[in-house]
Amino acid sequence: MKIGCPKEIKPQEFRVGMTPNAAQEAVARGHEVIIERGAGLGSGFDDDAYVAAGARIVDTAAEVFATAEMIVKVKEPQAVERKMLREGQVLFTYLHLAPDPEQTKDLLASGCTAIAYETVTDANGGLPLLAPMSEVAGRLAPQVGAWTLQKANGGRGVLMGGVPGVGPAKVVVIGGGVVGTHAARIAAGMGADVTVLDRSLPRLRYLDDVFRGQFKNQYSTAGATAELIRDADMVIGAVLIPGAAAPKLITREQLSTMKPGAVLVDVAIDQGGCFETSKPTTHAEPIYEVDGIMHYCVANMPGAVARTSTIALGNATMPFMLALADKGWRQACQDDPHLLAGLNVHAGQLTYYAVGKALGIDV
Ligand code: NAD
């Protein structure tokens, strides 16, 4: 199959849909890989690395779209890219169609077959192509929070691990799922005193069993949250209620109960945020202050570490990408119900119930 990977054009997006290693695997199986010139530069992969992997470099996205039978990307296709999609072509990327009627309309009109990373499932009921980005955002959260805690950045001037004779920072992580667990591990690894709150007792049991005292955990109630945040230097918001906006777990009024210069890192900002005072920020201006409390609310945190994120995403997408290339989308989806769960659009038909329900389109 001819597999094409264009350069990402969404602002601030430095990831790329295919690593040279993934290209090499596809080429070894007899597929042709076409990469737009410079596509990997934002992630530290130059054109030579793709050429060495056996891929062909072309000058424009138009050539990639015109030649490839399958397009592999990171972000949803932008309007100019959607115009280049055609009937019978497979698109494999993040789509997030439910809040995006314009994109949905264009994908339906194109006649393409669109498989969305975010709805591919796994045998444990998880979302294997979303998980790597949650792992990245979770591990990044204490790192950006620690930077924000520095005095010059508006924070309390507290060091995560303290030093001999001075106690560590107190970190509260709300939500102990993928993001929260990775955040807690890194914060604890930096020497902070960490408590994870979750509403799921099985999850708290799992954290207790696996992490054996590296960090504490507590059942999440409004009362427990209020008590813990009073003493916290950093609060990391990592909750998710599938299919719903994030619940607001810290109100503006409560900010006055916190220590001045404490830091809120709202990872759940892409679902509306779990603190009342959160508003989305960008990597260019990531932090702001409300009532003496510093906020970090970047909605695409993995973009800050594009190389790690690209490789992590590539590791997760590659087996599916190879199955699609080896068997064709129809057979690959017939063989794997988890890949089939990713099918959102085919030949002008919406094929994903939740998107249809959100947009009022028949499925
Ligand atoms: P997840 O489903 O693995 O975990 C969410 C956890 O929140 C679950 O354990 C759940 O029990 C818990 N929870 C729900 N309500 C709660 C409450 N009231 N109190 C405490 N815990 C509660 O989800 P995830 O993959 O960890 O993602 C978490 C959030 O991070 C999502 O909103 C996701 O979209 C977001 N995210 C953001 C970025 C970014 O760049 N900003 C990147 C990746 C993920």
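Here the structure is a predicted model, which is why all the values come from computation and not from measurement.

Q: Help me understand the side chain of T119 in this model?
A: If you trace the backbone, T119 turns up in the loop between strand 6 (113–116) and helix 6 (131–149). We classify T119 as buried; its relative accessible area is 8%. Among the polar contacts made by the side chain of T119, one reaches the side chain of N344 at a distance of 3.1 Å. With near-sequence residues (within four places) excluded, T119 lies in contact with A341, G342, N344 and Y352.

Q: Sorry, what's going on with the site of the ligand here?
A: In the vicinity of the ligand, 27 residues are found, and the nearest of them are S134, V179, D198, D270 and M301. Taking V179, its main chain carries an N or O atom lying 2.8 Å from an oxygen atom of the ligand. One of the backbone N or O atoms of V239 is found 3.4 Å from an oxygen atom in the ligand. In the complex, 84% of the free accessible area of the ligand, which totals 870 Å², lies under the protein chains. For the shell around the ligand, the elements supplying multiple residues, two or more each, are helix 6, helix 7 (178–189) and strand 8 (193–198). With three residues, the top contributor of residues to the shell around the ligand is helix 6. Class assignment for the residues of the shell around the ligand results in 16 nonpolar, eight polar and three charged.

Q: Whenever I open this one, the pairing of strand 14 (residues 343–346) confuses me. Can you help?
A: Looking along a regular strand, one sees the side chains alternate between the two faces of the sheet. Alignment of strand 6 against strand 14, held across three bridges, turns out to be antiparallel. Bridged to A114 within strand 14 is V345. Connecting the antiparallel pair strand 14 and strand 15 (residues 349–350) is a turn made up of two residues, with A347 showing a positive phi of about 45°.

Q: Sorry if this is basic, but what is going on with the packing of aromatic side chains here?
A: Each aromatic ring pair is specified by the distance between its two centres and by the angle formed by the two planes. Under the definition given, this model contains three aromatic pairs. Geometrically, the ring pair formed by F92 and Y117 is edge-to-face, given 4.7 Å between the ring centres and 90° between the ring planes. With a gap of 25 residues between them, F92 in strand 5 (residues 90–93) and Y117 in the loop between strand 6 and helix 6 connect regions that are remote in the sequence. Pairing F211 with F215 gives two aromatic rings, centres 5.0 Å apart and planes at 35°, and the pair type is tilted. For F211, a relative accessible area of 9% puts it in the buried group.

Q: Where do I start with unusual backbone geometry in this structure?
A: At R212, a position not held by glycine, the phi torsion is positive, near 40°. Within the secondary structure, R212 sits in the loop between helix 8 (201–211) and strand 9 (216–219). For A347, which is not glycine, the phi dihedral falls at a positive 45°. Inspection of the secondary structure puts A347 in the loop between strand 14 and strand 15.

Q: Is there a simple way to explain the pairing of strand 2 (residues 32–36) in this structure?
A: By the criterion of burial, strand 2 is predominantly enclosed, with four of the five residues buried. Pairing geometry for strand 1 (residues 2–5) and strand 2, over four bridges, is parallel. Opposite I3, over in strand 2, you have V33 as the bridge partner. On the question of chirality, the crossover connecting strand 1 to the parallel strand 2 by way of helix 1 (residues 20–28) is right-handed. Taken together, the three bridges between strand 2 and strand 3 (residues 56–58) define a ladder with parallel strand orientation. Residue pairing in the sheet places E36 in a bridge with V58 of strand 3.

Rules of the game
- Residues numbered from 1 in each chain as written.
- Predicted model: local features only at pLDDT ≥ 70, side-chain atom pairs only at ≥ 80, totals over all residues.
- Heavy atoms only, no water.
- Helix = DSSP H or I, 4+ residues; strand = E, 2+ residues; numbered from the N terminus.
- Buried < 20%, exposed > 50% of the residue type's maximum accessible area, 1.4 Å probe, protein only.
- Polar contact = N/O pair within 3.5 Å; in protein donor to acceptor, adjacent residues only side chain to side chain.
- Contact = heavy atoms within 4.5 Å.
- Near = heavy atom within 4 Å.
- Areas by Shrake-Rupley, 256 points an atom, 1.4 Å probe, with all protein chains shown as cover.
- Nonpolar A, V, L, I, M, F, W, Y, C, P; charged D, E, K, R; others polar.
- Pairing = 2+ DSSP bridges.
- Phe/Tyr/Trp six-rings, centres within 6.5 Å; stacked < 30°, edge-to-face > 60°.
- Right-handed = clockwise from strand over helix to strand, strands pointing away.

Purely spatial values, then, with no claim about function.
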